Amino acid sequence: MSYFKEKYRSVRNQSLHLCAPLEKEDMVVQPMVDVSPPKWHLGHTTWFFEKMILEEHFKGYQVFHPEYNYVFNSYYESIGKRVLRTDRGNLTRPTTEEVYKYRAYVDEQMAHFLDTMTEVSSKVSELLELGLQHEQQHQELLVYDIKYILGNNPLFPAYTRKEIVPSIGSRALKFLPMSEANYKIGHQQEGFCFDNELGVHQVYLHDFEIGDRLITNGEYLEFMEAGGYQNFKYWYMEAWAWVEENKETAPMHWHQIDGEWYQYTFFGLQKLNPHEPVTHVSQYEAAAYAQWRGMRLATEFEWEAACHRYEPSIHQKANFIEDASLSTQTAEQDHFQFYGDTWEWTNSAYLPYPYFKTETGAVGEYNGKFMINQMVLRGGSFATARDHIRSSYRNFFHPHLKWHFTGIRLARYV
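As named in an unreviewed UniProt entry, the protein chain is Ergothioneine biosynthesis protein EgtB, taken from Reichenbachiella faecimaris. According to the UniProt record, the Pathway (unreviewed entry) comment for the protein chain is "Amino-acid biosynthesis; ergothioneine biosynthesis."

Now the structure itself:
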């Protein structure tokens, strides 16, 4: 029980910490459909604990507000109607202050709930862990959304202030060999995992090599300057249509000013650091860059096998949210950036593993219903919590999206 008390307090406080630098006006806007107002994230993660745990398992619990189930339900059809995702920015009410009061109320009730339980049933234990993991996922989304909200403000306001350290050069890109073999894929450790990681199975992989670091801003700029966005031959047909329709010319948050490239960061608008890993690229752009280099993106199975081989445990220098860098970092000589910095696009469609089974009830809607038209990402980013990621973790997004922290690792057959 002490584990849940301590982790609950820690995880919930982290959400508040991430929102602390924001003004009330920042908390309510929704500049595009994929972004949710920070206020909504705070309410939704609170609703999850109220709906999934307190209402079901805490006798005599009184809901904070009868309409919040409609306001803060995200996509759980089995639970009832909800505000459409596109309309979350219209929710000037409940106010930000009222959402903070909602969090405080549910946190107090959760504390009572945990105090009164002498023994946690396996079902409640699983729901508690899922709720905490769920909030950590939303904390990362919150960081994405804060950057998009501030980065699309014409004044480019800084989220926080930090002295910018002069960049150091990135090491030359080399490739790590992987031998032809059968490899076990899926969650094989103790502890929590999501249902989409279950179903340990073997895959046969041919000989291949995988990059020993992430691709940098400077390397991606070479692709741009070589006409990468003007030449259809590097792009999937659907991707090329996306480039032309949206007039894509660069990663998100890049701005060319007086002939120089700048990048919006959490510290305001800064000159582009050529040595840091490129981020805010879509899977379309990642695959086009790989094609331009005469290579490809790894499959999610190749990535997982290589991670087990070359970085079997999370390196102490891996860059996560706890490090408070709020930016990508140049590669260290003694680790390969499999974890942290940016999520890595793979060339694998998000599909169920063998033996995948949808859970009963609302939690069964967590992952399985999204297993179509999305691509897998691996490894985590600088907005990921260190204790949230693992080698089998499968993130997934549509291939055209790039407001999240997404980068590139190359692979090739030998």
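*Asks:* How would you sum up the overall build of the protein chain? Please name residues and give values.
*Replies:* For the protein chain, the helix and strand inventory stands at nine helices and 13 strands. A compact globule built from 414 residues should have a C-alpha radius of gyration of about 22 Å, and the protein chain, at 22 Å, falls within 12% of that. Per-residue burial for the protein chain yields a buried fraction of 57% across its 414 residues. A separation threshold of at least 6 residues defines the contact pool for the protein chain, and within that pool the share at least 24 residues apart is 79%. For the protein chain, the accessible surface area stands at approximately 18900 Å², while carbon and sulfur atoms represent 51% of it. Each charge class in the protein chain was averaged separately, 39 positive and 54 negative side chains, and the resulting centres sit 1 Å apart.

*Asks:* Quick one: what's the story with the side chain of Thr265, residue by residue and with numbers?
*Replies:* Looking at the secondary structure, you find Thr265 in strand S6 (residues 260–265). For Thr265, a relative accessible area of 15% puts it in the buried group. Of note is the side chain of Thr265, whose polar atom sits 3.0 Å from the backbone nitrogen of Phe267. Apart from residues no more than four positions distant in its own chain, Thr265 is found in contact with Lys147 and Gln270.

*Asks:* Run through the pattern of salt bridges, naming residues and quoting values.
*Replies:* In this structure the tally under the stated criterion is 23 salt bridges. In this structure, the salt-bridge partner of Asp34 is Arg85, at a minimum N-O distance of 3.9 Å. Of this pair, Asp34 sits in the loop between helix H1 (2–19) and helix H2 (38–57) while Arg85 sits in the loop between helix H3 (68–72) and helix H4 (96–116), placing them 51 residues apart in sequence. Classification of Asp34 by relative accessible area gives buried; the value is 16%.

*Asks:* Can you break down the sheet that holds strand S11 (residues 395–397) residue by residue, with the values?
*Replies:* Read from one edge of the open sheet, four strands run S11-S10-S9-S12, paired in mixed fashion. Each edge of the open sheet is held by one strand with a lone partner, namely S11 and strand S12 (406–407). Looking at chain direction, strand S9 (residues 343–349) and strand S10 (residues 375–378) are connected through three bridges and run antiparallel. Bridge assignment links Ala349 to a residue of S10, and that residue is Met375.

*Asks:* So what's going on with the nonpolar core? Which residues, and what values?
*Replies:* With 119 residues, the main nonpolar core has Tyr220, Trp235, Phe338 and Ile408 as its most contacted residues. Take this core: its biggest share by element is twelve residues, from helix H5 (residues 122–151). Per-domain counts for this core show at least three residues from each of domain 1 (1–152) and domain 2 (175–413). Beyond its immediate chain neighbours, meaning those up to four positions away, Trp235 contacts Phe223, Gly228, Tyr229, Trp240, Trp242, Val243, Tyr284, Glu285 and Ala288.

*Asks:* Tell me what's going on with the domain arrangement of the protein chain, and back it up with residues and numbers.
*Replies:* As assigned here, the protein chain comprises domain 1 (1–152) and domain 2 (175–413). Using only C-alpha atoms to locate each centre, domain 1 and domain 2 end up separated by 27 Å. Contact with domain 1, which involves 31 residues of that partner, is made by 29 residues of domain 2. Counting each side, the surface lost to burial between domain 1 and domain 2 is near 2600 Å², with a carbon and sulfur contribution of 65%. Linking domain 1 to domain 2 there are zero salt bridges. Of all the secondary-structure elements, those providing two or more residues to the side of domain 1 that touches domain 2 are H1, H2 and H5. With 17 residues, H5 is the single largest residue contributor to the side of domain 1 that touches domain 2. Across the side of domain 1 that touches domain 2, the residue classes break down as 16 nonpolar, eight polar and seven charged.

*Asks:* How would you explain the side chain of His134 if you had to name every residue and give the values?
*Replies:* For His134, the position within the fold is in helix H5. Sequence-distant contacts of His134, defined by excluding residues within four places in its chain, comprise His44, Thr45, Phe48 and Tyr366.

*Asks:* Please set out the UniProt feature "domain: Sulfatase-modifying factor enzyme-like" (unreviewed entry) in the protein chain residue by residue, giving values where relevant.
*Replies:* When the UniProt feature table is mapped onto this chain, "domain: Sulfatase-modifying factor enzyme-like" (unreviewed entry) is found at residues 184–412. The distance from the first to the last C-alpha atom of residues 184–412 is 21 Å, and the span holds 17% helix and 20% strand.

*Asks:* Report on the sheet that holds strand S7 (residues 268–271), specifying residues and quantitative values.
*Replies:* Read across the sheet, three strands follow the order S5-S6-S7 without closing on themselves; strand pairing throughout is antiparallel. Looking at which strands have only one partner, the edges of the open sheet turn out to be strand S5 (254–257) and S7. Shown here is a sheet whose adjacent strand axes are inclined to one another by a mean of 35°, direction ignored. This element, helix H6 (residues 217–225), spans S5 and S6 of the sheet and lies at about 65° to S5.

Scoring rules and cut-offs
- Residues numbered from 1 in each chain as written.
- Predicted model: local features only at pLDDT ≥ 70, side-chain atom pairs only at ≥ 80, totals over all residues.
- Heavy atoms only, no water.
- UniProt positions renumbered as here; feature names shortened; annotations may be inferred.
- Helix = DSSP H or I, 4+ residues; strand = E, 2+ residues; numbered from the N terminus.
- Rg over C-alpha atoms; globule rule 2.2 N^0.38 Å.
- Buried < 20%, exposed > 50% of the residue type's maximum accessible area, 1.4 Å probe, protein only.
- Contact = heavy atoms within 4.5 Å.
- Areas by Shrake-Rupley, 256 points an atom, 1.4 Å probe, with all protein chains shown as cover.
- Lys, Arg positive; Asp, Glu negative; His and termini not counted.
- Charge placed at Lys NZ, Arg CZ, Asp CG, Glu CD.
- Polar contact = N/O pair within 3.5 Å; in protein donor to acceptor, adjacent residues only side chain to side chain.
- Salt bridge = Lys/Arg side-chain N within 4 Å of Asp/Glu carboxyl O.
- Pairing = 2+ DSSP bridges.
- Core = buried A, V, L, I, M, F, W, Y, C linked by side-chain atoms within 4.5 Å.
- Domains from an automatic or database assignment.
- Buried area = accessible area lost by both parts, 1.4 Å probe.
- Nonpolar A, V, L, I, M, F, W, Y, C, P; charged D, E, K, R; others polar.
- Axes fitted to C-alpha atoms, helices over the stretch in contact; angles between N-to-C directions.

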